[in-house]
Amino acid sequence: TQFWSDHGLSQTEVAYARGLSQGLALPTIEAGLTHSKVRVIGLVVDAIEKIMHGMTLGTAGMHNQVRQWVAEGFLTSLLDLLLDHGYAVFLTSDHGNIECVGRGRPSEGAVADLRGERVRVYPDPALRAQVQARFPDALAWPALGLPENYFSLLAPGGFAFVKEGVRIVGHGSITLEELIVPFIRIERRGP
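Computed from a predicted structure; not experimentally measured.

Re the sheet that holds strand β10 (residues 167-170)
Moving on, step 1. Strand order in the open sheet formed by three strands is β9-β4-β10, with mixed pairing between adjacent strands. Edge positions in the sheet fall to β9 (159-160) and β10, since each has one partner strand and no second.
Moving on, step 2. Relative to β9, strand β4 (residues 98-102) is paired through two bridges, and the arrangement is parallel. Residue V101 lies in a different strand from β9, and its bridge partner there is F159.
Moving on, step 3. Here helix α4 (residues 58-71) sits on the sheet in contact with β4 and β10, set at roughly 60° to β10.

Structure follows, in structure tokens:
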């Protein structure tokens, strides 16, 4: 809302909804779209994020679950609804992901500010160095451009800070798959 307000729209011309993943949300979204003043709507469809964070069958299992979710028709119905109401539709995500294998979970207790599967964040470099000593192939990311007291330790390649040998799909480190973010315009073509 702040972005669009800074670009000339009023708060009543901007709508936002998150936590969308099933057809039950479509009537509520349609009601919001028919409001005559709404010109911009941001919708967060979190189904794939939920699938990814619960995945124990690797990338193949994730792809199967995503195909199943898409076959249910929510995304197609949502896109049709937006296009039917004359909206320009753009699709993006906040990050990519990668299949990883666990190398062990650091047991640093409460000293880590962020205890992710692909990245750990510490309030000072000494604490990060203690954990890195147990995970020597992990990458101590330089603090340039990051907030004060933000010292990241990144899991290398296809590995994660989870139980040894456990396979997950995760994000938060620096592989190309985790860094690429799609930005796609969706439009109808035809007669």
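Next comes the rest of the write-up.
Details of the confidence of the model for the protein chain
Moving on, step 1. For the protein chain, mean pLDDT is 88; residues scoring 70 or higher make up 96% of the total.
Moving on, step 2. Ranking the elements of the protein chain by mean pLDDT puts strand β5 (residues 114-115) last, at 68, and strand β7 (residues 139-140) first, at 96.

Focus: the nonpolar core
Across soluble globular proteins, nonpolar side chains show a tendency to be buried alongside one another.
Moving on, step 1. In this structure, I29, L33, I51, M62, F74, L78 and L82 are the most contacted members of the largest nonpolar core, which totals 22 residues.
Moving on, step 2. Broken down by secondary-structure element, the contributors of at least two residues to this core are α2 (26-34), α3 (47-53), α4 and α5 (74-84).
Moving on, step 3. Counting residues per element, this core draws most heavily on α5, at six residues.
Moving on, step 4. With residues up to four places along the chain from it excluded, the contact list for L33 reads I41, L81, L82, H85 and Y87.
Moving on, step 5. Counting residues in hydrophobic clusters, the runner-up holds eight residues, among them Y122, L127, V131 and A138.

Basis of the calculations
- Residues numbered from 1 in each chain as written.
- Predicted model: local features only at pLDDT ≥ 70, side-chain atom pairs only at ≥ 80, totals over all residues.
- Heavy atoms only, no water.
- Pairing = 2+ DSSP bridges.
- Helix = DSSP H or I, 4+ residues; strand = E, 2+ residues; numbered from the N terminus.
- Contact = heavy atoms within 4.5 Å.
- Axes fitted to C-alpha atoms, helices over the stretch in contact; angles between N-to-C directions.
- pLDDT = per-residue confidence, 0-100.
- Core = buried A, V, L, I, M, F, W, Y, C linked by side-chain atoms within 4.5 Å.
- Buried < 20%, exposed > 50% of the residue type's maximum accessible area, 1.4 Å probe, protein only.

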